[in-house]
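# Close look at the chain arrangement
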Amino acid sequence: MTQITDSVEEIRRRTAAAARRYGRDPATVRLLAVSKQQPAESVQAALAAGQRDFGESYLGEALTKISTVTGPVCWHFIGAVQSNKTRGIAAHFDWVHSVDRLKIARRLSDQRPVDSKPLNVCVEVNVAGEISKSGVAPAELATLANGIANLPQLRLRGLMCLPPPEQGLEQQRRPFAQLRQLFDSLNDHGLGLDTLSMGMSADFEAAIAEGATIIRVGTAVFGPRH
Ligand SMILES: *Cc1c(COP(=O)(O)O)cnc(C)c1O
(Lines give C-alpha, C1' and ligand atoms only; values in the text may rest on other atoms or scores of the structure.)
Protein backbone atom coordinates (compact mmCIF):
# COMPACT_ATOMS: atom_id res chain seq x y z
CA MET A 1 0.00 0.00 0.00
CA THR A 2 3.02 2.35 0.12
CA GLN A 3 2.52 2.49 -3.64
CA ILE A 4 -0.77 4.32 -3.04
CA THR A 5 0.89 6.78 -0.65
CA ASP A 6 3.54 7.49 -3.30
CA SER A 7 0.93 7.91 -6.02
CA VAL A 8 -1.20 10.28 -3.97
CA GLU A 9 1.89 12.38 -3.26
CA GLU A 10 2.95 12.30 -6.90
CA ILE A 11 -0.49 13.47 -8.12
CA ARG A 12 -0.48 16.24 -5.52
CA ARG A 13 2.95 17.36 -6.69
CA ARG A 14 1.90 17.36 -10.37
CA THR A 15 -1.34 19.16 -9.48
CA ALA A 16 0.50 21.90 -7.63
CA ALA A 17 3.06 22.25 -10.43
CA ALA A 18 0.31 22.52 -13.07
CA ALA A 19 -1.61 25.06 -10.98
CA ARG A 20 1.45 27.27 -10.62
CA ARG A 21 2.30 26.93 -14.31
CA TYR A 22 -1.12 28.34 -15.18
CA GLY A 23 -1.05 31.07 -12.56
CA ARG A 24 -3.40 29.39 -10.11
CA ASP A 25 -3.25 28.77 -6.37
CA PRO A 26 -2.70 24.99 -5.89
CA ALA A 27 -5.16 25.07 -2.97
CA THR A 28 -7.99 25.75 -5.45
CA VAL A 29 -7.65 22.29 -7.05
CA ARG A 30 -9.13 19.37 -5.10
CA LEU A 31 -8.12 15.78 -5.81
CA LEU A 32 -11.01 13.34 -6.04
CA ALA A 33 -9.52 9.84 -5.87
CA VAL A 34 -11.72 7.60 -8.04
CA SER A 35 -11.91 4.32 -6.13
CA LYS A 36 -14.49 2.48 -8.27
CA GLN A 37 -13.51 -1.16 -8.81
CA GLN A 38 -10.81 -0.82 -6.16
CA PRO A 39 -10.91 -2.60 -2.80
CA ALA A 40 -11.78 -0.89 0.48
CA GLU A 41 -8.19 -1.47 1.66
CA SER A 42 -6.98 0.82 -1.12
CA VAL A 43 -9.35 3.56 0.03
CA GLN A 44 -8.12 3.04 3.58
CA ALA A 45 -4.50 3.36 2.40
CA ALA A 46 -5.19 6.59 0.52
CA LEU A 47 -7.05 7.92 3.56
CA ALA A 48 -3.97 7.21 5.67
CA ALA A 49 -1.99 9.28 3.14
CA GLY A 50 -4.29 12.24 3.85
CA GLN A 51 -6.69 11.81 0.92
CA ARG A 52 -10.30 12.72 1.85
CA ASP A 53 -12.43 12.76 -1.32
CA PHE A 54 -13.32 9.47 -3.04
CA GLY A 55 -15.36 8.85 -6.18
CA GLU A 56 -17.58 5.84 -6.88
CA SER A 57 -19.61 4.89 -9.96
CA TYR A 58 -21.65 1.87 -8.89
CA LEU A 59 -24.02 2.14 -5.94
CA GLY A 60 -23.91 -1.47 -4.73
CA GLU A 61 -20.14 -1.61 -4.71
CA ALA A 62 -19.96 1.81 -3.08
CA LEU A 63 -22.34 0.96 -0.22
CA THR A 64 -20.17 -1.98 0.82
CA LYS A 65 -17.10 0.24 0.82
CA ILE A 66 -18.84 3.09 2.64
CA SER A 67 -19.80 0.74 5.45
CA THR A 68 -16.29 -0.76 5.61
CA VAL A 69 -13.99 2.25 5.44
CA THR A 70 -13.51 4.14 8.67
CA GLY A 71 -12.43 7.76 8.76
CA PRO A 72 -13.38 11.24 7.59
CA VAL A 73 -14.32 10.42 3.99
CA CYS A 74 -16.26 12.66 1.63
CA TRP A 75 -18.01 10.37 -0.88
CA HIS A 76 -18.75 11.53 -4.43
CA PHE A 77 -21.02 9.67 -6.84
CA ILE A 78 -19.68 10.06 -10.40
CA GLY A 79 -21.47 7.30 -12.36
CA ALA A 80 -24.70 7.18 -14.34
CA VAL A 81 -27.64 7.79 -11.99
CA GLN A 82 -30.58 5.45 -12.59
CA SER A 83 -33.97 6.24 -11.06
CA ASN A 84 -33.92 3.16 -8.85
CA LYS A 85 -30.57 4.22 -7.34
CA THR A 86 -31.43 7.77 -6.29
CA ARG A 87 -32.58 6.89 -2.77
CA GLY A 88 -29.32 5.14 -1.88
CA ILE A 89 -27.24 7.87 -3.48
CA ALA A 90 -29.16 10.64 -1.71
CA ALA A 91 -28.69 8.89 1.64
CA HIS A 92 -25.02 7.92 1.46
CA PHE A 93 -23.15 10.47 -0.65
CA ASP A 94 -22.04 14.06 -0.12
CA TRP A 95 -21.77 14.93 -3.82
CA VAL A 96 -23.21 13.77 -7.14
CA HIS A 97 -21.25 14.88 -10.23
CA SER A 98 -23.35 13.24 -12.91
CA VAL A 99 -26.84 14.75 -12.88
CA ASP A 100 -28.13 15.32 -16.41
CA ARG A 101 -31.94 15.24 -16.07
CA LEU A 102 -34.38 17.22 -13.94
CA LYS A 103 -36.35 14.09 -13.11
CA ILE A 104 -33.28 12.57 -11.42
CA ALA A 105 -32.49 15.83 -9.65
CA ARG A 106 -36.03 16.01 -8.24
CA ARG A 107 -35.79 12.46 -6.91
CA LEU A 108 -32.42 13.18 -5.27
CA SER A 109 -33.83 16.28 -3.60
CA ASP A 110 -37.04 14.53 -2.46
CA GLN A 111 -35.09 11.55 -1.10
CA ARG A 112 -32.27 13.44 0.60
CA PRO A 113 -32.78 12.79 4.32
CA VAL A 114 -34.15 15.91 6.04
CA ASP A 115 -31.47 15.79 8.73
CA SER A 116 -28.66 15.87 6.12
CA LYS A 117 -27.18 18.98 4.56
CA PRO A 118 -28.29 19.58 0.97
CA LEU A 119 -26.61 17.23 -1.49
CA ASN A 120 -23.88 18.93 -3.55
CA VAL A 121 -24.59 18.50 -7.25
CA CYS A 122 -22.81 19.07 -10.53
CA VAL A 123 -24.53 18.93 -13.89
CA GLU A 124 -22.80 16.66 -16.38
CA VAL A 125 -22.53 18.33 -19.77
CA ASN A 126 -21.94 16.55 -23.05
CA VAL A 127 -19.53 19.20 -24.32
CA ALA A 128 -18.18 17.22 -27.24
CA GLY A 129 -21.72 16.56 -28.48
CA GLU A 130 -21.16 12.84 -28.75
CA ILE A 131 -24.11 10.65 -29.63
CA SER A 132 -25.00 8.00 -27.02
CA LYS A 133 -23.06 9.65 -24.24
CA SER A 134 -24.45 10.88 -20.99
CA GLY A 135 -24.64 14.56 -20.16
CA VAL A 136 -27.03 17.37 -21.01
CA ALA A 137 -26.59 19.16 -24.34
CA PRO A 138 -25.08 22.65 -23.93
CA ALA A 139 -28.23 24.20 -25.42
CA GLU A 140 -30.35 22.67 -22.65
CA LEU A 141 -27.98 23.37 -19.79
CA ALA A 142 -29.36 26.72 -18.57
CA THR A 143 -32.90 25.37 -18.20
CA LEU A 144 -31.70 22.31 -16.29
CA ALA A 145 -29.34 24.30 -14.06
CA ASN A 146 -32.08 26.77 -13.12
CA GLY A 147 -34.44 23.91 -12.34
CA ILE A 148 -31.89 22.24 -10.08
CA ALA A 149 -31.00 25.51 -8.35
CA ASN A 150 -34.61 25.72 -7.14
CA LEU A 151 -34.69 22.28 -5.47
CA PRO A 152 -34.58 22.57 -1.68
CA GLN A 153 -32.37 19.61 -0.76
CA LEU A 154 -29.79 20.08 -3.53
CA ARG A 155 -27.01 22.61 -3.72
CA LEU A 156 -25.96 23.24 -7.30
CA ARG A 157 -22.16 23.56 -7.22
CA GLY A 158 -21.07 23.43 -10.83
CA LEU A 159 -20.44 21.46 -13.99
CA MET A 160 -18.77 18.18 -14.87
CA CYS A 161 -17.59 16.71 -18.17
CA LEU A 162 -16.07 13.46 -19.37
CA PRO A 163 -14.73 14.13 -22.88
CA PRO A 164 -13.29 11.37 -25.07
CA PRO A 165 -9.54 10.75 -24.67
CA GLU A 166 -7.28 12.99 -26.73
CA GLN A 167 -3.53 13.05 -27.21
CA GLY A 168 -1.74 16.34 -26.75
CA LEU A 169 -2.39 19.25 -24.44
CA GLU A 170 -4.10 21.56 -26.94
CA GLN A 171 -6.66 18.95 -28.01
CA GLN A 172 -7.26 17.99 -24.40
CA ARG A 173 -7.85 21.59 -23.38
CA ARG A 174 -10.61 22.30 -25.93
CA PRO A 175 -13.61 20.57 -24.25
CA PHE A 176 -12.49 21.83 -20.83
CA ALA A 177 -12.40 25.38 -22.20
CA GLN A 178 -15.96 24.87 -23.49
CA LEU A 179 -17.13 23.71 -20.08
CA ARG A 180 -15.46 26.71 -18.52
CA GLN A 181 -17.29 29.05 -20.90
CA LEU A 182 -20.65 27.47 -20.03
CA PHE A 183 -19.78 27.82 -16.33
CA ASP A 184 -18.90 31.51 -16.77
CA SER A 185 -22.08 32.20 -18.64
CA LEU A 186 -24.26 30.57 -15.95
CA ASN A 187 -22.45 32.63 -13.35
CA ASP A 188 -23.02 35.79 -15.41
CA HIS A 189 -26.71 34.95 -14.92
CA GLY A 190 -26.29 34.74 -11.15
CA LEU A 191 -26.06 31.01 -10.45
CA GLY A 192 -23.05 31.36 -8.14
CA LEU A 193 -21.29 28.14 -9.18
CA ASP A 194 -17.89 27.33 -7.66
CA THR A 195 -17.02 23.90 -9.08
CA LEU A 196 -15.60 22.67 -12.38
CA SER A 197 -15.23 18.88 -12.13
CA MET A 198 -12.99 17.93 -15.03
CA GLY A 199 -9.80 16.03 -15.83
CA MET A 200 -8.84 12.40 -15.21
CA SER A 201 -5.55 10.47 -15.02
CA ALA A 202 -4.58 11.17 -18.61
CA ASP A 203 -5.64 14.82 -18.91
CA PHE A 204 -5.89 16.46 -15.50
CA GLU A 205 -3.12 18.95 -16.21
CA ALA A 206 -5.04 20.23 -19.26
CA ALA A 207 -8.13 20.53 -17.06
CA ILE A 208 -6.20 22.53 -14.47
CA ALA A 209 -5.07 24.85 -17.26
CA GLU A 210 -8.75 25.55 -18.00
CA GLY A 211 -9.82 26.09 -14.41
CA ALA A 212 -10.70 22.66 -12.95
CA THR A 213 -11.45 22.87 -9.23
CA ILE A 214 -11.96 19.10 -8.82
CA ILE A 215 -9.91 16.58 -10.79
CA ARG A 216 -11.17 12.98 -10.80
CA VAL A 217 -8.16 10.66 -10.85
CA GLY A 218 -8.47 6.87 -10.67
CA THR A 219 -5.77 4.71 -12.22
CA ALA A 220 -2.97 7.20 -11.58
CA VAL A 221 -3.74 6.89 -7.85
CA PHE A 222 -4.76 3.24 -7.45
CA GLY A 223 -3.37 1.46 -10.51
CA PRO A 224 -5.49 -0.63 -12.91
CA ARG A 225 -9.10 -1.38 -11.91
CA HIS A 226 -10.26 -4.88 -10.97
C1 LIG B 1 -13.47 6.13 -13.91
C2 LIG B 1 -13.73 7.59 -13.95
C3 LIG B 1 -12.71 8.52 -13.71
C4 LIG B 1 -11.25 8.14 -13.45
O5 LIG B 1 -10.64 7.71 -14.62
P6 LIG B 1 -9.06 7.42 -14.64
O7 LIG B 1 -8.74 7.45 -16.09
O8 LIG B 1 -8.86 6.07 -14.04
O9 LIG B 1 -8.37 8.48 -13.89
C10 LIG B 1 -13.04 9.86 -13.69
N11 LIG B 1 -14.31 10.28 -13.90
C12 LIG B 1 -15.31 9.41 -14.15
C13 LIG B 1 -16.68 9.94 -14.38
C14 LIG B 1 -15.05 8.06 -14.20
O15 LIG B 1 -16.06 7.21 -14.46
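Residues numbered from 1 in each chain as written. Predicted model: local features only at pLDDT ≥ 70, side-chain atom pairs only at ≥ 80, totals over all residues. Heavy atoms only, no water.

### Here's the deal with empty space enclosed by the protein
Over the atoms a probe the size of a water molecule is rolled, and this reveals where empty space is left. Applying the stated criterion across every chain yields a total of one cavity of 30 Å³ or more. Glu124, Val125, Asn126, Val127, Ala128, Glu130, Lys133, Ser134, Leu162 and Pro163 together form the lining of the largest cavity. Residue classes in the lining of the largest cavity are distributed as five nonpolar, two polar and three charged. (1 Å grid on protein atoms, 1.4 Å probe; cavity = no way out; pocket = protein on both sides within 12 Å on 5 of 7 lines; lining within 4 Å. Points joined across faces, edges and corners; volume = space filled by probe spheres on them. Nonpolar A, V, L, I, M, F, W, Y, C, P; charged D, E, K, R; others polar.)

### Digging into the pattern of salt bridges
Two side chains carrying opposite charge are able to pair once their charged atoms lie near each other. The final tally for this structure, using the stated rule, is nine salt bridges. A salt bridge links Arg30 to Asp53; its shortest N-O distance comes to 2.9 Å. Taken together, the positions of Arg30 in strand 1 (residues 30-34) and Asp53 in strand 2 (residues 53-56) put the pair 23 residues apart, joining distant regions of the chain. With a relative accessible area of 31%, Arg30 lands in the partly exposed category. A salt bridge links Asp194 to Arg157, with the shortest nitrogen-to-oxygen separation between them at 3.0 Å. Taken as a pair, Asp194 in the loop between helix 7 (169-188) and strand 7 (195-197) and Arg157 in strand 6 (residues 154-160) lie far apart in primary sequence, 37 residues in all. Given a relative accessible area of 13%, Arg157 falls into the buried group. Members of the salt-bridge network, linked through shared partners, are Glu56, Glu61 and Lys65. (Salt bridge = Lys/Arg side-chain N within 4 Å of Asp/Glu carboxyl O. Helix = DSSP H or I, 4+ residues; strand = E, 2+ residues; numbered from the N terminus. Buried < 20%, exposed > 50% of the residue type's maximum accessible area, 1.4 Å probe, protein only.)

### Some points on the environment of Lys103
In this structure, Lys103 sits in helix 5 (residues 102-111). By relative accessible area, which is 46% here, Lys103 ends up partly exposed. C-alpha separation for the pair Lys103 and Leu144, spaced 41 residues apart in sequence, amounts to 10.0 Å. A polar contact of 3.2 Å, which involves the side chain of Lys103, links it to the side chain of Ser83. (Polar contact = N/O pair within 3.5 Å; in protein donor to acceptor, adjacent residues only side chain to side chain.)

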